[in-house]
Amino acid sequence: MLHALLASFAWRPQPMAMHLGTRRAALVTTAAGFASVTMGGAGPARAAGYVDETVSLGGQQIAARRYLEADVGMRFPKTALDDKLFSKPWPEAWPFPPEAFRRQDETDDGDFYSTPRLVYHIDEGAVRALTHYYKENIKPGSAILDICSSWVSHYPTDFPQTMSKISGSGMNAFELQANKQLSDFSPKDLNVEPSLPFQDGQFDVVTCVVSVDYLNKPQQIFKEVQRVLKPGGKFILSQSNRCFPTKAIAMWLGMSDYQHCVVIGAYFHYCGGWTPPRAFDVSPTGPNTNDPLFIVEATKL
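Residues numbered from 1 in each chain as written. Predicted model: local features only at pLDDT ≥ 70, side-chain atom pairs only at ≥ 80, totals over all residues. Heavy atoms only, no water.

Side note on the sheet that holds strand β7 (residues 165–170)
- If you trace the eight strands from one edge of the open sheet to the other, you get β5-β11-β12-β10-β9-β6-β7-β8, paired in mixed fashion. The sheet is open, and its two edges are formed by β5 (79–80) and β8 (184–187), each paired on a single side.
- Judged from the four bridges that link them, strand β11 (residues 278–281) and strand β12 (residues 294–299) form a sheet pairing that is antiparallel. If you follow Asp281 over to β12, its bridge partner there is Phe294.
- The sheet strands contacting helix α7 (residues 218–228) are β6 (143–147), β9 (203–209) and β10 (229–239), and the helix crosses β10 at an angle near 135 degrees.
- Here helix α8 (residues 257–271) sits on the sheet in contact with β10 and β12, set at roughly 15 degrees to β12. (Pairing = 2+ DSSP bridges. Helix = DSSP H or I, 4+ residues; strand = E, 2+ residues; numbered from the N terminus. Contact = heavy atoms within 4.5 Å. Axes fitted to C-alpha atoms, helices over the stretch in contact; angles between N-to-C directions.)

Laid out in structure tokens, this is it:
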């Protein structure tokens, strides 16, 4: 599959439109460019599953809806994709040319992300599936880093109490300030400076939620994540089929969900120092589930 991916997509310019993945979705951004939404998606969340609140940021009062852990009738299956996606040998050399990482909008990312977006970038079902995955796969007492973070990290509610610490790094300081689960945070534009402001071997787990498609220097960033992880630490990346298309890397826009997973697996492989990547389809089922969700992860050797 990797060979077909490279032959078909990796170095061809693609139209700036989102490829429809393995499940139905159509993506748009608001006129102001401040949120990603799904047209024709799920209806309102159940009252037991969210709380509406007003967040004060920089002198502004911003309305926000925050999902709560609750049984809202969803199920969270987990299907391994390793044999399907990673069974063939990898090419000997890094297969992605520079143009694969170009973006339609190369203006300052700091300007694009300067206004706080207190919204979810995946739907309710995908949010709950990710929270469930974290609950099942991150051990109590772990030190966690959430890169490309925002006002939510999608961790279970009790993580601030059961983990040793939760650090965050992201583009918007106001969003990070509104994140109730972070012990500390450091605003950082990884596309300008692909380094993390943390000591070597500091974390047990690093997470990245639906953001790897915006990174234009993935090799450097994966090496940085490896540096700040303890030996045996895990890097967990989650991905759906939404994005801001003008800020996503060029090759991403012409690929399917499975091909996205292969690209992330390739980042691990060519970085070196990781176990073979593993991939899972953790797309939820039940009410208010439309977005798919995939996990690609590996462990630091």
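Quick notes on the pairing of β11
- Summarising the sheet, β5 and β11 pair through two bridges and their orientation is antiparallel. Opposite Ala80, over in β11, you have Phe280 as the bridge partner.

What about the pairing of β12?
- Of all six residues making up β12, five are buried, and the element is well covered by its neighbours.
- As paired strands, β10 and β12 are joined by six bridges and run antiparallel to one another. Each bridged residue has a counterpart across the sheet, and for Lys234 the counterpart in β12 is Thr299. (Buried < 20%, exposed > 50% of the residue type's maximum accessible area, 1.4 Å probe, protein only.)

Considering the pattern of salt bridges
- Summed over all chains, the structure comprises 16 salt bridges.
- Here Arg278 ties to Asp82 by a salt bridge, and the two come within 3.2 Å at their closest N and O atoms. On the criterion of sequence distance, the pair formed by Arg278 in strand β11 and Asp82 in helix α2 (residues 82–85) is long-range, its members being 196 residues apart.
- Three or more residues joined by partner-sharing salt bridges are found here, namely Arg103, Asp105, Glu106, Asp109 and Lys247. (Salt bridge = Lys/Arg side-chain N within 4 Å of Asp/Glu carboxyl O.)

Focus: unusual backbone geometry
- Of note in the backbone geometry, Val210 takes a positive phi value of approximately 40 degrees without being a glycine.
- Locating Val210 in the fold gives a position in the loop between β9 and α7.
- We classify Val210 as buried; its relative accessible area is 11%.
- At Asn288, a position not held by glycine, the phi torsion is positive, near 60 degrees.
- In this structure Asn288 comes out as buried when scored by relative accessible area, which is 16%.

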